[in-house]
Protein chains: 2
Amino acid sequence: MLSTDQIIGVMSARGLRITDQRKSLAKLFAERNGYLTPKDVYEYMGKQYSGLSFDTVYRNLRVMDELGVLEQVMFEDGLKFRASCNEDQHHHHMICLQCERTYPIHFCPMPLTDAPDQFQVVKHKFEVFGYCKDCRPVSQEASQSPSQQDGLS
Amino acid sequence: MLSTDQIIGVMSARGLRITDQRKSLAKLFAERNGYLTPKDVYEYMGKQYSGLSFDTVYRNLRVMDELGVLEQVMFEDGLKFRASCNEDQHHHHMICLQCERTYPIHFCPMPLTDAPDQFQVVKHKFEVFGYCKDCRPVSQEASQSPSQQDGLS
DNA sequence: ATTGTTGCAAAGGCTTTGCAACAAG
DNA sequence: CTTGTTGCAAAGCCTTTGCAACAAT
């Protein structure tokens, strides 16, 4: 995953000005390795910038997506963003339903999949959802619901 | 895929009233075997019902999704609906980028996928996008419009 | 006759846009 | 200094809700 400095570096190299808001965004996405909604981002950044506005968040998310430092994905419950993977290798993701962190899967089912009816394949999506080791509900230990042992959410 | 009568049948059996609007919806989804946006549905139905309102479309889409006769899926460009598959067998879909019809894939990559880090798998999504045999961008045959020869990921 | 459905209008979210003031380079 | 960025306010979509009239059963 891209680091704060890598994100800042790319933005700077492309001629974008490095404002405090953008530094904060870069840091947020670099530290989190999971998905965030624009609202999550706004709330996180709002802690540091009293007068933050939503449109600044949206504008920067879009710019960063276009630059390729963020990836934008649509989930059942709306649009989310995460730092780009920075992996050269083709891969998919396991996504934790609790903390929304992601873990790479290097197995790709596509080569094993037969397309029916002369279907011409262009792209594919393979996503696995569940709970990562830090967020697993119950198990052998004596806790009940998915414990949120995790910072910002 | 569910037929018009099956859809109507389920709705009737559950005590819902069969209005002309609902007949029209059932017919639309049964004839199309692909995804439709609420707007698509509104426009299609609007041809037959002058005073149709958007909220009727939304209300019925939601009711039909809850009944299980429609399936609701979030794509990059928004929410879409299709008739339920009526297949007992677990399967995935190939989705045509042109006509948005879907074709079942009975191969499931999940059994072949190793979860890293004690990840506890809950659900998964495997979708293949491309062009079906009727929508393939020009090739050896003299087909019609679709001239988007793209090569995405 | 009952009561679920509809259409209308209005409200709610989320996201985008226009613009003047501000600040990075 | 110059010009990209920000915050504010307002507008635009898409979706939902309240309500009285309507219609399926």
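Residues numbered from 1 in each chain as written. Chains lettered and ligands numbered in written order. Predicted model: local features only at pLDDT ≥ 70, side-chain atom pairs only at ≥ 80, totals over all residues. Heavy atoms only, no water.

## Quick notes on the pairing of strand β5 (residues 120-131) of chain B
In step 1: Sheet topology note: the strand β5 (residues 120-131) of chain A/β5(B) ladder contains eleven bridges and is antiparallel. Each bridged residue has a counterpart across the sheet, and for Phe129(A) the counterpart in β5(B) is Lys123(B).
In step 2: With four bridges connecting them, strand β3 (residues 92-96) of chain B and β5(B) associate as parallel partners. Within β5(B), the position partnered with Met94(B) by the bridge is Val128(B). (Pairing = 2+ DSSP bridges. Helix = DSSP H or I, 4+ residues; strand = E, 2+ residues; numbered from the N terminus.)

## Quick look at the confidence of the model for chain A
In step 1: Chain-level statistics for chain A give a pLDDT mean of 88 and a share of 90% at 70 or above.
In step 2: Counted against residues more than four places away or in other chains, residues 141-153 of chain A, with its pLDDT under 50, gives 15 contacts. (pLDDT = per-residue confidence, 0-100. Contact = heavy atoms within 4.5 Å.)

## Section: helix α3 (residues 38-46) of chain B
Side chains that are three or four residues apart share a direction in an α-helix, a result of its 3.6 residues per turn.
In step 1: Among the residues of α3(B), those classed as buried are Pro38(B), Val41(B) and Met45(B). Here the buried residues of α3(B) occupy an arc of 60° about the axis, which is enough to place them on one side. (Buried < 20%, exposed > 50% of the residue type's maximum accessible area, 1.4 Å probe, protein only. Arc of directions from axis to C-beta.)

## Here's the deal with the environment of Pro111(B)
Residues and elements named next belong to chain B.
In step 1: Looking at the secondary structure, you find Pro 111 in the loop between β4 (102-105) and β5.
In step 2: Note on Pro 111: relative accessible area 69%, which makes it exposed.
In step 3: Sequence separation of Pro 111 and Phe 126 is 15 residues, and the distance between their C-alpha atoms is 13 Å.

## Notes on unusual backbone geometry
All names here are of chain B.
In step 1: Of note in this structure, Asn 86 is not a glycine but carries a positive phi near 60°.
In step 2: Considering the arrangement of structural elements, one finds Asn 86 in the loop between β2 (78-83) and β3.
In step 3: Positive phi, normally seen in glycine, also occurs at Glu 100, with a value near 65°.
In step 4: Among the secondary structure elements, Glu 100 is positioned in the loop between β3 and β4.
In step 5: Overall, Glu 100 belongs to the partly exposed group, its relative accessible area being 21%.

## Some thoughts on the nonpolar core
In step 1: In this structure, Cys96(A), Cys132(A), Cys96(B) and Cys132(B) are the most contacted members of the largest nonpolar core, which totals 27 residues.
In step 2: Among the secondary structure elements, those contributing two or more residues to this core are β3 (92-96), β4 (102-105) and β5 of chain A together with β3, β4 and β5 of chain B.
In step 3: Looking at this core element by element, the count peaks at four residues for β5(A). (Core = buried A, V, L, I, M, F, W, Y, C linked by side-chain atoms within 4.5 Å.)

## A look at the relation of the copies chain A and chain B
In step 1: Under the fitted operation, chain A is carried onto chain B by 0.0 Å of movement along the axis and a turn of 180°, and the coordinates agree to an RMSD of 0.1 Å. The transformation relating the two chain copies, once decomposed into turn and shift, fits a two-fold axis. Distance from the rotation axis, computed per C-alpha, reaches its smallest value in chain A at Phe126(A): 2.2 Å.
In step 2: A share of 98% of the interface residues of chain A reappears at the interface of chain B, consistent with the copies meeting face to face through the same patch. (Least-squares fit on C-alpha atoms with pLDDT ≥ 70 in both.)

## Focus: the protein's contact with DNA strand C
In step 1: Surrounding DNA strand C, one finds 19 residues, the nearest of these being Tyr58(A), Arg17(B), Arg22(B), Asp55(B) and Thr56(B).
In step 2: At the protein interface, 62% of the atoms of DNA strand C within 4 Å belong to sugar or phosphate.
In step 3: One of the side-chain N or O atoms of Thr56(B) is found 2.7 Å from a phosphate oxygen in DNA strand C.
In step 4: Within the residue set of the surface near DNA strand C, elements represented by two or more residues are α4 (54-67) of chain A together with α2 (20-31) and α4 (54-67) of chain B.
In step 5: Split by residue class, the surface near DNA strand C holds five nonpolar, six polar and eight charged. (Near = heavy atom within 4 Å. Polar contact = N/O pair within 3.5 Å; in protein donor to acceptor, adjacent residues only side chain to side chain. Nonpolar A, V, L, I, M, F, W, Y, C, P; charged D, E, K, R; others polar.)

## Points about the pattern of salt bridges
In step 1: Applying the stated criterion to the full structure yields 14 salt bridges over all chains.
In step 2: Between Lys125(B) and Glu76(A) there is a salt bridge, with the nearest N and O atoms lying 3.3 Å from each other. With Lys125(B) in strand β5 and Glu76(A) in the loop between β1 (70-75) and β2 (78-83), this residue pair bridges two chains.
In step 3: Owing to a relative accessible area of 15%, Lys125(B) belongs among the buried residues under this scheme.
In step 4: Residue classification places Glu76(A) among the partly exposed positions, given a relative accessible area of 44%.
In step 5: The structure contains a network of salt bridges with shared partners spanning Asp77(A), Lys80(A) and Glu100(A). (Salt bridge = Lys/Arg side-chain N within 4 Å of Asp/Glu carboxyl O.)

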